[in-house]
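# Descriptive analysis of the structure
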Amino acid sequence: MKQEQSVKISIILMVLVLCFPYPLAAATSDDFIQGYASAVLEREFRIKNFSLNVTDEAIRVRSDDLTGAEHDKVIAALLSIQGIKKVEIVDSRGVVVASSPQEPGAQLASRREPVKPDYELGFLPGGNLFDPLIADPRWPRFSMGYRYFTDERRNVGSATFGETFALYRARGPARGLWELGFQAGVFSIFDLDAPSSDLVNTDFFAALQASYRLNDFSGMLRIFHQSSHLGDEFLLRNRIDRINLSFEGVDLKLSYRPFDWLRLYGGGAYLFDLDPRGIKPWATQAGIELQTPRRFWGDSTRFVTALDLQHRQENNWSTDISLRGGLQFERPGSFMRKISLLFEYYNGHSPNGQFFNRSIEYFGPGLYLDF
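A quick note: this is a predicted structure, and the numbers were derived from the prediction, not measured. (Residues numbered from 1 in each chain as written. Predicted model: local features only at pLDDT ≥ 70, side-chain atom pairs only at ≥ 80, totals over all residues. Heavy atoms only, no water.)

## Observations concerning the overall build of the protein chain
Defined as follows: The numbering of helices and of strands both runs from the N terminus, where a helix is a DSSP run of H or I of at least 4 residues and a strand a run of E of at least 2. Under the scheme applied here, a residue whose accessible area is under 20% of the maximum for its type counts as buried, over 50% as exposed, and between as partly exposed, the area being computed with a 1.4 Å probe on protein chains only. Here, residues are in contact when the closest pair of their heavy atoms is within 4.5 Å. Each accessible area is a Shrake-Rupley estimate made with a 1.4 Å probe; only the visible protein chains count as cover when residues are assessed.
A count of helices and strands for the protein chain gives five helices and 18 strands. Residues counted as buried form 45% of the 371 residues belonging to the protein chain. For the protein chain, the proportion of contacts with a sequence separation of at least 24, taken over those separated by at least 6, is 56%. Just so you have it, the protein chain exposes about 19,400 Å², and 61% of that area is on carbon and sulfur atoms.

Right, here's the structure in full:
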């Protein structure tokens, strides 16, 4: 009898030992925790339309989704969930702005991390330390667009091919990051009113670049070459004095993002080895970029607006205005891959090399890709 009872007890204990880990694991799985954490944010903080990530007993949530909620209270509430050992609040670029204490009894603290955690280091890293300038007419990227030139009442097509590539990245002074790389770009415009949509002008651009980032501050130093060429069909149809425009230059751009939704930048350039030689060498640039803090349509889309202002000594420091705004489609968790559908307005001297001394005004939609 005792032997039979001992066998039953042994079987019960074996079943408990074998089965208990499974419901415990199910109760604390990433999917379960994510659902539980979502309920906590909705119930206790009245937060809607947010995204969070659960991996390896850690929760990561975006700061721009926590409008009106105190970070310390959010962290404390999420830490109370069984199976969670770490909570991080990050900004739109993945920088940790607040996290749970690293040791028991430590106080919750809001802080800025010295570098963005998901920047790759070493040879051929992904992304770039200096983010692309949305409204800069001569930023190397892939794009295509339509432009209506109001002064000439002409329909013009635009196509650009280019990108910024990082060759090597490492940790730098003041706990920041530095990288070396290059840029290359081709900027072309086409006369859509011509029978064969003539190629009008193509500018070729190439640069060596060095960038640095520390938290929300970033900078880029470039040494570059640009040359300009008229299209053959355009030359055949139009009598125009061709300019063999070509130059080298060096420029410095500085950028600061005080808030997730705001970016400010500025810089200057000096041209040398100019052809024609009489062109004055100095130029300045400044701009502002705005984006909605929250994404929509499956956490993939936001509104953006950008204004770029450039002044050139050659044009008596008159202002060249580039304004772009529209929808930006991006991959959540990625700091570079973006596709933007923007409407553009431009007023100033032409950014197209052969016509740099002409004042123009145009507007139209465009599709812009940054990878």
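That was the structure; now back to the text.
## Quick notes on the pairing of strand β1 (residues 52-55)
Look at any regular strand and the pattern is simple: side chains alternate between the two faces of the sheet. Where we set the bar: Pairing between strands requires that DSSP locate at least two bridges from one strand to the other.
Side chains Leu 52 and Val 54 of β1 all project onto a buried face; the interleaved residues Asn 53 and Thr 55 project onto a face where none is buried. Sheet analysis places β1 next to strand β2 (residues 58-62), joined by four bridges and oriented antiparallel. By the bridge assignment for β2, Val 54 is matched with Ile 59. Hairpin connection, β1 to β2: the antiparallel pair is bridged by two residues, and Asp 56 has positive phi, about 50°.

## Some thoughts on the packing of aromatic side chains
Stated formally: Stacked, tilted and edge-to-face are the three classes assigned to paired rings of Phe, Tyr and Trp, where Trp is represented by its six-membered ring and a pair needs centres within 6.5 Å; plane angles under 30 degrees give stacked, over 60 edge-to-face, the rest tilted. Remark: a charge is flagged as sitting over a ring if the NZ atom of Lys or the CZ atom of Arg is within 6 Å of the ring centre and within 35 degrees of the ring normal.
Tallied over the full model, the rule gives 14 aromatic pairs. Here a set of aromatic residues connected by ring pairs shows up, and it is made of Tyr 148, Phe 343 and Phe 363. In this structure, Arg 263 packs its charged tip against the face of Phe 130, placed 5.1 Å from the ring centre.

## Regarding the pattern of salt bridges
Where we set the bar: For this analysis, a salt bridge means a side-chain nitrogen from Lys or Arg found within 4 Å of a carboxyl oxygen belonging to Asp or Glu.
Taken as a whole and judged by the stated rule, the model has 17 salt bridges. For Arg 169, the salt bridge goes to Glu 179, with nearest N and O atoms at 2.6 Å. With Arg 169 in strand β8 (residues 154-171) and Glu 179 in strand β9 (residues 177-191), this residue pair connects regions lying ten residues apart in the sequence. Residue classification places Arg 169 among the buried positions, given a relative accessible area of 0%. Residue Glu 179 is classed as buried on the basis of its relative accessible area, which comes to 1%.

## Description of the side chain of Asp 370
Selection rule: N or O atoms within 3.5 Å of each other form a polar contact, as long as, within protein, one can give a hydrogen and the other can take it, and as long as residues adjacent in sequence are counted only when both atoms are side-chain atoms.
Position of Asp 370 relative to the elements: it lies in strand β18 (residues 359-370). A distance of 3.2 Å separates the side chain of Asp 370 from the side chain of Arg 141, its partner in a polar contact.

## Observations concerning unusual backbone geometry
In this chain, Asp 275 is followed by Pro 276 through a cis amide linkage whose omega measures 5°. Position of Pro 276 relative to the elements: it lies in the loop between β13 (262-275) and β14 (282-291). Here Ala 174, not a glycine, exhibits a phi torsion of approximately 60°, which is positive. Relative to the helices and strands, Ala 174 resides in the loop between β8 and β9. For Asn 316, which is not glycine, the phi dihedral falls at a positive 60°. Tracing the backbone through its elements, the reader meets Asn 316 in the loop between β15 (301-312) and β16 (319-330).

## Some remarks on the environment of Arg 277
Relative to the helices and strands, Arg 277 resides in the loop between β13 and β14. Exposure remark for Arg 277: the relative accessible area of 74% places this residue in the exposed category. The spatial distance from the C-alpha of Arg 277 to the C-alpha of Phe 247 is 9.3 Å, given a sequence separation of 30 residues.

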